[in-house]
Number of protein chains: 2
Amino acid sequence: MKAEIIAVGNEIVYGHTVNTNASYIAQSIQELGIIPQCMVAVCDEESAIQEAVRMAMQRADVIFITGGLGPTPDDLTKEAVCHLLGEELVMLPEELEKLKTYFRRLNREMVTINEKQAAFPKKAKVLPNHCGTAPGCLFEVDGHTIILLPGPPKEMKAMFIEYVLPYLRQKVDQVFRSLDIHCFGIGESELASRIKPLLGTYEWGSVATYVGNYEVIVRIVVYGKTEDGVNQQIANIKDKIEKCLEDFVIGYNNEKLEENIVKRLIEKGYSISTVESCTGGLVAATLINCGGVSSCFNEGVVTYSNEAKMRYADVKEETLQRVGAVSEETAREMAEGIRRRAKTQIGLSTTGIAGPGGGTVEKPVGLVYIGISLPEGTEVYKLQLSGTRQEIREKTVKNILFKLYKKLK
Amino acid sequence: MKAEIIAVGNEIVYGHTVNTNASYIAQSIQELGIIPQCMVAVCDEESAIQEAVRMAMQRADVIFITGGLGPTPDDLTKEAVCHLLGEELVMLPEELEKLKTYFRRLNREMVTINEKQAAFPKKAKVLPNHCGTAPGCLFEVDGHTIILLPGPPKEMKAMFIEYVLPYLRQKVDQVFRSLDIHCFGIGESELASRIKPLLGTYEWGSVATYVGNYEVIVRIVVYGKTEDGVNQQIANIKDKIEKCLEDFVIGYNNEKLEENIVKRLIEKGYSISTVESCTGGLVAATLINCGGVSSCFNEGVVTYSNEAKMRYADVKEETLQRVGAVSEETAREMAEGIRRRAKTQIGLSTTGIAGPGGGTVEKPVGLVYIGISLPEGTEVYKLQLSGTRQEIREKTVKNILFKLYKKLK
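Residues numbered from 1 in each chain as written. Chains lettered and ligands numbered in written order. Predicted model: local features only at pLDDT ≥ 70, side-chain atom pairs only at ≥ 80, totals over all residues. Heavy atoms only, no water.

Undergrad: Lay out the packing of helix α9 (residues 257–268) of chain A against helix α14 (residues 389–408) of chain A with the relevant residues and their values.
TA: Residue and element names in this part refer to chain A. Axis separation between α9 and α14 bottoms out at 10 Å; the angle between their running directions is 40°. The element α9 and its partner α14 pack so that their crossing is left-handed. For the pair formed by α9 and α14, the contact residues are Leu257, Glu258, Asn260, Ile261, Arg264, Leu265 and Lys268 on the first element and Lys398, Leu401, Phe402, Leu404, Tyr405 and Leu408 on the second. In terms of residue class, the contact of α9 with α14 is built from eight nonpolar, one polar and four charged. (Axes fitted to C-alpha atoms, helices over the stretch in contact; angles between N-to-C directions. Helix = DSSP H or I, 4+ residues; strand = E, 2+ residues; numbered from the N terminus. Left-handed = near helix turned anticlockwise from the far one by under 90°. Contact = heavy atoms within 4.5 Å. Nonpolar A, V, L, I, M, F, W, Y, C, P; charged D, E, K, R; others polar.)

Undergrad: Please provide a residue-by-residue account of the interface of chain B and chain A, values included.
TA: Across the contact, 71 residues belong to chain B and 72 residues belong to chain A. Between chain B and chain A, the buried area comes to about 5,500 Å², and carbon and sulfur atoms account for 54% of it. Summed over the shared surface of chain B and chain A, the number is 33 residue pairs in polar contact (both at pLDDT 80 or more). Tallying contributions element by element places strand β2 (residues 35–42) of chain B first for the side of chain B that touches chain A, with eight residues. Its residues assigned to classes, the side of chain B that touches chain A comprises 35 nonpolar, 23 polar and 13 charged. Both strand β2 (residues 35–42) of chain A and β2(B) contribute to a ladder of five bridges, which runs antiparallel. Looking at β2(B), one finds that Cys38(A) is bridged to Val42(B). (Buried area = accessible area lost by both parts, 1.4 Å probe. Polar contact = N/O pair within 3.5 Å; in protein donor to acceptor, adjacent residues only side chain to side chain. Pairing = 2+ DSSP bridges.)

Undergrad: How would you explain the nonpolar core if you had to name every residue and give the values?
TA: Grouped together as the largest cluster of nonpolar side chains are 77 residues, with contacts concentrated most on Ile261(A), Phe297(A), Ile261(B) and Phe297(B). Residues in contact with Ile261(B), not counting those within four places in the same chain, are Leu287(B), Leu401(B), Leu404(B), Tyr405(B) and Leu408(B). With 58 residues, the next largest nonpolar core counts Val40(A), Val42(A), Leu92(A) and Leu148(B) among its residues. (Core = buried A, V, L, I, M, F, W, Y, C linked by side-chain atoms within 4.5 Å. Buried < 20%, exposed > 50% of the residue type's maximum accessible area, 1.4 Å probe, protein only.)

This is a description of form; function is not addressed.
Pasting the structure below:
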């Protein structure tokens, strides 16, 4: 079954509101095996709405339309759809009564323009709105299911979960599952060429790659008749992919790298401390964004000046004079120094040139050293990163967390 | 002039990526007087891309297409557009060379599938991509401007600002200027009611409010025949708005609050240090994101445990036992302690309950104290914030920087 998702509203088309409704609906229906084909956003104009619905009916079985159900003159979705499809729009007394009750409960007067929110296509099933004044509705016409939903995401979602999903579940008899495999340290094209024989769209689903936030994601989508069969197929493909990519995998679905690290630290009873120069606190802040981190993280320092590197992490003055702050040796002394001082199992350090100024021929912008000091020894990695100051700092964080994650595996 | 914005990519249509590119482009082009008519998102299929472009050419003068410029077999935008419009797709040796250089600089091997990123419609102007491997392009055909941009928002935006905006500005025969006034510490509806007589769309442009990243933004757009006239009008409106909002204004256009703070610190010859608990390094990291910060920031500490608060910032054990870590007195001792120890003019502190666990009736999740210690004394502010762990931490950073900014003005 194919679907199309239409958003109605100037605020979307003019870019003031991002169309998160469409993404939400698209994700949700795939779990039922309904495949989104196209998303469209049009202005609050009857002809634009009608053209979008007409096109959608050529391509899709289920058509979602969000927005334009409100009380103002530019809320035109129901009118446009009824005129296009030759459906009658009728005022429902019980809906009018509900609307009046709603306003009475809020101690607000109901103005006449609100009344049109109680009018619906004659054959439609009304979908109550528990979070606002605009009910939705759905109906079948010429083999298509048309579903009208309110624009505010909170109202749309509540209605979708309570009324639309159960309705669609009845219509569909397929099981659908997806799995995202997050990878780091490999470019999209290299990754794609490693798993090339698996990439593609098949009868049973698809395997594709996406670029995320400094990551590459492999997405497996599988549909079928039984829960077990679908899960088995996901597991098969996952195994095959991971054989090609093992070292680069950092997590699945919505897991974050830092959460996987904190989980492992807690499991192993390890504590961790940080000393940061170019990242300026971003490594600590990223770890601390994980709830429960207090059982492994107590302290970190931001040592932007040489003097602070000496005072907080015992970096030797001689080292700084001889090889400079951005060097393998300084990164090593920093990581070992903070580990010793904070009495933790692990010490992390970063030192580099984030730019835009400060680069030289020997030490260009983007040169970063990261240090990881563990009970079994210290390792320092040299990175040459590209991008803006912020990107270089963010990539540094991702790199040090990735190296640490591999060590903890 | 009318525009249509097409996004190509399964990740968008399947709802895994929200189409923020469309919103960004829609907002940006309106400042040139180009009006978005419709947004469409289609799958990585040649026929779907072609149908969208064909429809767009019936409705719009300028057509933006984002995504599908990558190296993989499902990146089909250039091929689809060229086949539809009868344009020839040719390999450009100089682009191929650039691509090879890019991979060489990253010490990565360039795989054969990357080569197609160097092929472009024969008549197109290539738009360099400074943040990734996929260049964009634009060309004129039958009175339409077709603009192909990469999908990753960072790459798209950089290319849009550097190459697309200047190109479109030339095509449009008017002078446009816009000014964003960023405000903090006031809600959108209160701000709107303060400047209500100015809000609206006029013959000369518009004044509108938007909600940004914990900010409210007032955008003034003015168009006219002469540069001087337009600038004069912008200045007039800006004055009127600022009379209503003075205290809440934190910057203009792309200026960041932290950049304005660092600028002022440097002007005044002030140095600054930080001690952070709930924000875990995010205050330091935000300041350090400003180039040139090394002349005012030397060090900061992340004191997540009580013991670290005592050791790094001389917080008294008695204080921690009596009123706890999340308290006005602890925040005060932290700010004063780091200021004294780091020998800086300014010391900043944060301590709070970011959640999701750890809240009590007396000290609920979202309770945060921020301290600012200056030569003339220390002030502590109590905040009650809402949102996720990350949001509470980000709002804390914004609040302490806002308070500091007001003190430095």
